[in-house]
Amino acid sequence: MNSFWKNEWEMFTKEVDSTLSFLMQPVKFSSREDDNLMLKPSVAEITEKCETTSFWKNEWEMFSKEVDSAVDYLMQPVSFK
């Protein structure tokens, strides 16, 4: 029974060590060397893509309809009884 707990303790310390080594890794958010980050498209580029591509045009129309229906629902008059 003693060897069982010894083995369990060793496995536990290995798990703790691996967790600590994972958490203590250096984190690199960005640097001047990494200039290949993708840029977000502008609103004009997004709308142009939606207007020219049929799939994205359909997706945009469905999204617009959902937004309109949500706005209509939220703008309903409230009456208290």
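Just so you know, these numbers come straight off a predicted model, no measurement behind them.

K.L.:
Quick rundown of the overall build of the protein chain? Include the residues and the values.
P.N.:
Along its length, the protein chain carries 3 helices and 0 strands. Listed N to C, the secondary structure of the protein chain is α-α-α in terms of helices and strands. Relative to its 81 residues, the protein chain shows a buried fraction of 1%. Summed over its atoms, the accessible surface of the protein chain is roughly 8600 Å², and 62% of this surface lies on carbon and sulfur atoms.

K.L.:
Give me the lowdown on the packing of aromatic side chains, citing residues and values where you can.
P.N.:
Taken as a whole, this structure holds 3 aromatic pairs when the rule is applied. Considering the side-chain rings of W9 and F12, the 5.5 Å spacing of their centres and the 40 degrees angle between planes classify their relative orientation as tilted. Here W9 and its partner F12 are both found in helix α1 (residues 2–23), 3 residues apart, which amounts to about one turn of the helix. W9 sits in the exposed class, given a relative accessible area of 55%. Assessed through its relative accessible area of 46%, F12 is described here as partly exposed. Plain terms: the ring middles of W60 and F63 are 5.7 Å apart, the flat faces sit at 40 degrees to each other, and that makes the pair tilted. Pair noted here: W60 and F63 are both in helix α3 (residues 54–74), with a separation of 3 residues, about one helical turn. Taking the relative accessible area as the measure of exposure, W60 reaches 41% and is therefore partly exposed.

K.L.:
Break down a nonpolar patch on the surface for me, with residues and values.
P.N.:
On the surface, W60, F63, V67, V71, Y73, L74 and M75 cluster together to form a nonpolar patch covering roughly 790 Å² of accessible area. With respect to the element layout, L74 can be found in helix α3.

K.L.:
Which residues make up the packing of helix α2 (residues 43–52) against α3, and what values do they have?
P.N.:
Interaxial distance between α2 and α3 falls to 5 Å at its minimum, and their mutual angle equals 110 degrees. With respect to α3, the element α2 is oriented roughly perpendicular. Here K49, C50, E51 and T52 of α2 come into contact with α3, specifically with S54, W56, K57 and W60.

About the cut-offs
Residues numbered from 1 in each chain as written. Predicted model: local features only at pLDDT ≥ 70, side-chain atom pairs only at ≥ 80, totals over all residues. Heavy atoms only, no water. Helix = DSSP H or I, 4+ residues; strand = E, 2+ residues; numbered from the N terminus. Buried < 20%, exposed > 50% of the residue type's maximum accessible area, 1.4 Å probe, protein only. Areas by Shrake-Rupley, 256 points an atom, 1.4 Å probe, with all protein chains shown as cover. Phe/Tyr/Trp six-rings, centres within 6.5 Å; stacked < 30°, edge-to-face > 60°. Patch = residues over 30% accessible without salt bridge, like charges linked within 9 Å, V, L, I, M, F, W, Y side chains within 5 Å. Salt bridge = Lys/Arg side-chain N within 4 Å of Asp/Glu carboxyl O. Axes fitted to C-alpha atoms, helices over the stretch in contact; angles between N-to-C directions. Parallel < 35°, antiparallel > 145°, perpendicular 65-115°, else oblique. Contact = heavy atoms within 4.5 Å.

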